[in-house]
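Summary of the model geometry
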Amino acid sequence: MAKSYTILLLEDEPLILMDMEFAAEDLGCEVLTATNCDAAHRHIQTHGCNIDLAILDVSLGQDRTCFPVAHELERLDIPYILHSGDLDRHNERIRELDAQLIAKPASADKVIAAAIAHSQGADARVVHVTAE
């Protein structure tokens, strides 16, 4: 990987967030972590023009979703992918975003690699990545 990326990670599960953070850092990325939409929006306000890509968990607990953050990233033309294990409940709304999707569980390394590939123009709308 020649370019160093700044990645926004929005994930409410601490272990998954930490695993993805370490995988991204191992590739030399700067990582901005958030466990809820408010924290993600603060990162966008502070670092918006420097964020290269984002990985968003769809379900964030207490009936909250990543959709407000996804819409803000779209407005700013920042590429993102969705990482979700809750496809049945949000399937129709996920389609509204027309975003690349990686189903959980998936290895953090593969999720980060898929997000970087997507930010470079990979067009696959749905990627099925399996855990290793």
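See above for the structure.
Residues numbered from 1 in each chain as written. Predicted model: local features only at pLDDT ≥ 70, side-chain atom pairs only at ≥ 80, totals over all residues. Heavy atoms only, no water.

Here the focus is the pairing of strand E2 (residues 30–34). On a regular strand, each side chain points to the face opposite its neighbour's, so the side chains alternate between the two faces of the sheet. Where strand E1 (residues 6–10) and E2 come together, five bridges link them in parallel fashion. Paired with Leu9 across the strands is Thr33, a residue of E2. Following the chain from E1 across helix H1 (residues 14–26) to the adjacent parallel E2, one finds a crossover that is right-handed. (Pairing = 2+ DSSP bridges. Helix = DSSP H or I, 4+ residues; strand = E, 2+ residues; numbered from the N terminus. Right-handed = clockwise from strand over helix to strand, strands pointing away.)

It is at 9 Å that the axes of helix H2 (residues 37–47) and helix H3 (residues 67–75) come closest, and there the two elements cross at 15°. The orientation of H2 with respect to H3, classified from their angle, is roughly parallel. Handedness of the crossing formed by H2 with H3: left-handed. Of the residues in H3, those touching H2 at Cys37, Ala40, His41 and Ile44 are Pro68, Val69, Glu72 and Leu73. (Axes fitted to C-alpha atoms, helices over the stretch in contact; angles between N-to-C directions. Parallel < 35°, antiparallel > 145°, perpendicular 65-115°, else oblique. Left-handed = near helix turned anticlockwise from the far one by under 90°. Contact = heavy atoms within 4.5 Å.)

Turning to the state of the cysteines, a few remarks are in order. Enumeration over the complete set of coordinates arrives at zero disulfides. Not engaged in a disulfide, the cysteine Cys37 finds its nearest cysteine sulfur in Cys66; these two sulfurs lie 6.9 Å apart. (Disulfide = S-S within 2.5 Å.)

Attention now goes to H1. An ideal rise of 1.5 Å per residue puts 18 Å on 13 residues; H1 measures up with 18 Å between its terminal C-alpha atoms. Buried positions along H1 lie against E1, E2, strand E3 (53–57), strand E4 (80–84) and helix H5 (108–119). (Expected span 1.5 Å × (residues − 1).)

Looking at H3, one finds that the buried residues are Phe67, Val69, Ala70, Glu72 and Leu73. Downstream of H3 by one or two residues, Asp77 has phi in the positive range, about 60°. (Buried < 20%, exposed > 50% of the residue type's maximum accessible area, 1.4 Å probe, protein only.)

Next up on the list: the side chain of Glu72. If you trace the backbone, Glu72 turns up in helix H3. Within the structure, the side chain of Glu72 is placed 2.8 Å from the side chain of Arg75, a separation counted as a polar contact. (Polar contact = N/O pair within 3.5 Å; in protein donor to acceptor, adjacent residues only side chain to side chain.)

Bringing the pattern of salt bridges into the picture now. Taken as a whole and judged by the stated rule, the model has three salt bridges. Between Asp57 and Lys104 there is a salt bridge whose closest N-O contact spans 3.3 Å. With Asp57 in strand E3 and Lys104 in the loop between strand E5 (100–103) and H5, this residue pair connects regions lying 47 residues apart in the sequence. Among the charged side chains, a salt-bridge network with shared partners connects Glu11, Asp57 and Lys104. (Salt bridge = Lys/Arg side-chain N within 4 Å of Asp/Glu carboxyl O.)

Turning our eyes to something else, we now look at unusual backbone geometry. Here the bond from Lys104 into Pro105 is cis, since omega is -5°, no more than 30 degrees from zero. Looking at where Pro105 falls in the secondary structure, it is placed in the loop between E5 and H5. Positive phi is not limited to glycine here, since Gln62 has a value of about 50°. Of note, Gln62 is situated in the loop between E3 and H3.

Turning next to the nonpolar core. The biggest cluster of nonpolar side chains holds 24 residues, and the ones touching the most others in it are Leu10, Leu56, Val69, Leu73, Tyr80 and Leu82. At the level of secondary structure, the elements contributing two or more residues to this core comprise E1, E2, H2, E3, H3 and E4. Among the nonpolar cores identified, the runner-up in size contains 20 residues, and Cys29, Val31, Ala108 and Ala115 belong to it. (Core = buried A, V, L, I, M, F, W, Y, C linked by side-chain atoms within 4.5 Å.)

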